[in-house]
Amino acid sequence: MNLIQNLTSKQLRQAVSLKDKIQSLERKLGRILGSRTKSVPEVEPKRKRKMSAAGRARIVAAQKARWAKVKGKKSPPKTVKKAKRKMSAAARAKISAVAKKRWAKAKAEGKKRL
């Protein structure tokens, strides 16, 4: 780009006429060969997207609202653990007696196998 800025108006006009000649010759060559040759595409400057101040303000407000919603949420209330059910001493003794009986039977059968 700096090169173009340093050119005189006469040099720029010459460059434009040369470019036109090249394009016309490429078209002629394309007609002769029966196909189009790819010419050098003209580079257009990229246009920046423009947004109004009001549009930008709406986007900023929406984003702030989203963050406020996220930050405003407190951790969910902790669930209260249920108290463990306690077994009565009588029930525990009953289960223990049944288990001892089962193990005694299993041991007796194991000794029979040997």
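Structure's up top.
K.L.:
Report on the overall build of the protein chain, specifying residues and quantitative values.
P.N.:
A tally of regular secondary structure across the protein chain gives four helices and zero strands. Helices and strands in the protein chain line up, N terminus first, as α-α-α-α. With 114 residues in all, the protein chain has 2% of them scored as buried. Counting only carbon and sulfur atoms, one obtains 60% of the accessible surface of the protein chain, whose full area is about 12700 Å².

K.L.:
Hey, could you go over a nonpolar patch on the surface for me, with residue numbers and the actual values?
P.N.:
Together, Ile4, Leu7 and Leu12 make up an exposed nonpolar region whose accessible area comes to about 240 Å². Tracing the chain through its elements places Leu7 in the loop between α1 (2-6) and α2 (9-33).

About the criteria used
Residues numbered from 1 in each chain as written. Predicted model: local features only at pLDDT ≥ 70, side-chain atom pairs only at ≥ 80, totals over all residues. Heavy atoms only, no water. Helix = DSSP H or I, 4+ residues; strand = E, 2+ residues; numbered from the N terminus. Buried < 20%, exposed > 50% of the residue type's maximum accessible area, 1.4 Å probe, protein only. Areas by Shrake-Rupley, 256 points an atom, 1.4 Å probe, with all protein chains shown as cover. Patch = residues over 30% accessible without salt bridge, like charges linked within 9 Å, V, L, I, M, F, W, Y side chains within 5 Å. Salt bridge = Lys/Arg side-chain N within 4 Å of Asp/Glu carboxyl O.

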